[in-house]
Amino acid sequence: MVETGPLDPSRGGGGRIDRVDDDEAGLFALVDQVRRIRALTTGGLFDTDLDPLTAQLREVADRLEAASASTERRQAVTWSTGDYVTNCPVVGRSNVLAPPIAFDILDDGTLRGEVTLGLEYQGPPACVHGGMVALLFDVVLGRANFHAGATGMTVYLDVDYRSPTPVLEPIVVTGRQVRVEGRKIWAQGAIHAGDRLCATAEGMFVEPGGLLLENRRRLAGG
Ligand SMILES: CCCCCCCCCCCCCCCC(=O)SCCNC(=O)CCNC(=O)[C@H](O)C(C)(C)COP(=O)(O)OP(=O)(O)OC[C@H]1O[C@@H](n2cnc3c(N)ncnc32)[C@H](O)[C@@H]1OP(=O)(O)O
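If you check an unreviewed UniProt entry, the protein chain appears there as Acyl-coenzyme A thioesterase THEM4 from Dietzia psychralcaliphila. Checking UniProt for the protein chain, the heading Sequence similarities (unreviewed entry) contains the comment "Belongs to the THEM4/THEM5 thioesterase family."

Here is the structure:
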């Protein structure tokens, strides 16, 4: 049973868990522009001829492709520097899929992030897609675990969809670690729109032994 008291969306205070001033490569600024395009083109309706704009975008994409390191090299650098967070599909400022959400950590370790999701995350009319809701929970629970000092891979994620999670309105995503027993870790989370409870989740995570370190070493090339 998810205990929603500590996940009260009106709780304040706390500090940001990710740095906001680390865009030395200018990549976040570039991705912000791609995000604007992503938002505008979902169900896009334009009162203009799109052909010239498509040609311009193709040129930009060609130039980026010519200048880009390979996928393998980018993955290797991610894991050799451990800079996973900026690529995360929920919080990652260099991942165009990410809204992105910035989380604060409250004094008891609860993470809290506020976001308004656009049409690109819509499932049923006016509602956030259920798969996106689950993704938000997986990330907030996983990161709450990390900040609580015991982290693992998700082995189950039980999501209760209590009322629609709205698009185009602010929602608050919260999560916290509740229990650790050996390698097993439990965490719970909630999503609210105002005072309304939209969804709750409980996840169990298992510390995967050497698996992540081995993968990381292999991908980082040694
Ligand atoms: C540290 C290195 C740094 C690297 C840098 C990190 C960067 C930080 C990246 C963050 C990233 C964020 C990520 C977000 C979270 C994902 O998205 S994780 C991705 C989705 N999850 C997965 O792919 C996990 C797939 N599962 C697995 O690979 C394996 O289950 C695991 C996790 C390696 C564990 O396998 P195992 O070691 O063989 O463990 P196993 O003995 O099967 O289970 C352990 C215990 O858990 C229980 N259990 C297992 N599954 C279940 C279940 N579904 N229900 C109930 N109990 C279960 C077992 O019964 C067992 O209990 P006991 O017998 O010990 O009492």
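Scanning the protein chain from terminus to terminus reveals five helices and seven strands. Moving toward the C terminus, one meets the helices and strands of the protein chain in the order β-α-α-α-β-β-α-β-β-β-β-α. Taken against the 2.2 N^0.38 rule, which gives 17 Å for 222 residues, the C-alpha radius of gyration of the protein chain at 19 Å falls within 12% of a compact globule. Principal axes of the C-alpha set define a box for the protein chain whose edges measure 55 × 50 × 30 Å.

In the structure shown here, the tally under the stated rule is nine salt bridges. Measuring nitrogen to oxygen at the nearest pair gives 3.5 Å for the salt bridge that ties Arg11 to Asp107. Highlighted residues: Arg11 in the segment before strand 1 (15-16) and Asp107 in the loop between strand 2 (103-105) and strand 3 (111-116), separated in sequence by 96 residues. On the accessibility criterion, Asp107 (78% relative accessible area) is exposed. For Asp108, the salt bridge is made with Arg11, and the minimal N-O distance between the two is 3.2 Å. With Asp108 in the loop between strand 2 and strand 3 and Arg11 in the segment before strand 1, the pair connects residues that are 97 residues apart, well separated along the chain. Linked by salt bridges that have partners in common, Arg11, Asp107 and Asp108 make up one network.

Turning next to the layout of surface pockets. When its volume is computed, the largest pocket comes out at roughly 1300 Å³. Surrounding the largest pocket, 33 residues form its lining, Leu27, Val31, Arg74, Asn87 and Ser94 being those nearest its centre. Those elements that provide at least two residues to the lining of the largest pocket are helix 1 (27-41), helix 2 (50-67) and helix 3 (71-81). If one sorts the elements of the lining of the largest pocket by residue count, helix 3 sits on top with eight residues. Its residues assigned to classes, the lining of the largest pocket comprises 17 nonpolar, 10 polar and six charged. If you add up the space inside the second largest pocket, you get close to 990 Å³. Lining the second largest pocket are 27 residues, and of these Trp79, Tyr84, Thr151, Gly152 and Leu212 lie nearest its centre.

On to the site of the ligand, then. Near the ligand you find 15 residues, and of these Asp138, Thr154, Val155, Arg183 and Lys184 are the closest. Here a nitrogen atom of the ligand sits 3.0 Å away from a polar atom, N or O, in the main chain of Thr154. In isolation the ligand exposes 1400 Å². Once the protein is present, 48% of that is buried. Of all the secondary structure elements, the ones that give two or more residues to the shell around the ligand are strand 4 (153-161), strand 7 (196-206) and helix 5 (211-220).

Reading across the sheet, the seven strands line up as 1-2-3-5-6-7-4 and stay open at both edges, with antiparallel pairing between neighbours. Strands at the two margins of the open sheet, each flanked by one partner only, are strand 1 and strand 4. Bridging between strand 1 and strand 2 involves two bridges; their strand directions are antiparallel. Within strand 2, the residue paired with Gly15 across the bridge is Ile105.

Let's shift gears to the packing of aromatic side chains. In the structure shown here, the tally under the stated rule is one aromatic pair. Relative to Tyr84, the ring of Trp79 has its centre 5.8 Å away and its plane inclined at 20°; by these criteria the two rings are stacked. Its relative accessible area of 26% is what places Trp79 among the partly exposed residues. Positioned over the ring face of Trp186 is Arg179, at 3.9 Å from the centre of the ring.

Right, let's get into the packing of helix 3 against helix 5. Contact geometry for helix 3 and helix 5: axes closest at 7 Å, N-to-C directions at 130°. Relative to helix 5, the element helix 3 lies oblique. Crossing hand, helix 3 versus helix 5: left-handed. From helix 3, Gln75, Ala76, Trp79, Ser80 and Thr81 reach across to helix 5, where they touch Arg216, Leu219 and Ala220.

Definitions and cut-offs
Residues numbered from 1 in each chain as written. Predicted model: local features only at pLDDT ≥ 70, side-chain atom pairs only at ≥ 80, totals over all residues. Heavy atoms only, no water. UniProt positions renumbered as here; feature names shortened; annotations may be inferred. Helix = DSSP H or I, 4+ residues; strand = E, 2+ residues; numbered from the N terminus. Rg over C-alpha atoms; globule rule 2.2 N^0.38 Å. Salt bridge = Lys/Arg side-chain N within 4 Å of Asp/Glu carboxyl O. Buried < 20%, exposed > 50% of the residue type's maximum accessible area, 1.4 Å probe, protein only. 1 Å grid on protein atoms, 1.4 Å probe; cavity = no way out; pocket = protein on both sides within 12 Å on 5 of 7 lines; lining within 4 Å. Points joined across faces, edges and corners; volume = space filled by probe spheres on them. Nonpolar A, V, L, I, M, F, W, Y, C, P; charged D, E, K, R; others polar. Near = heavy atom within 4 Å. Polar contact = N/O pair within 3.5 Å; in protein donor to acceptor, adjacent residues only side chain to side chain. Areas by Shrake-Rupley, 256 points an atom, 1.4 Å probe, with all protein chains shown as cover. Pairing = 2+ DSSP bridges. Phe/Tyr/Trp six-rings, centres within 6.5 Å; stacked < 30°, edge-to-face > 60°. Lys NZ or Arg CZ within 6 Å of the ring centre and 35° of its normal. Axes fitted to C-alpha atoms, helices over the stretch in contact; angles between N-to-C directions. Parallel < 35°, antiparallel > 145°, perpendicular 65-115°, else oblique. Left-handed = near helix turned anticlockwise from the far one by under 90°. Contact = heavy atoms within 4.5 Å.

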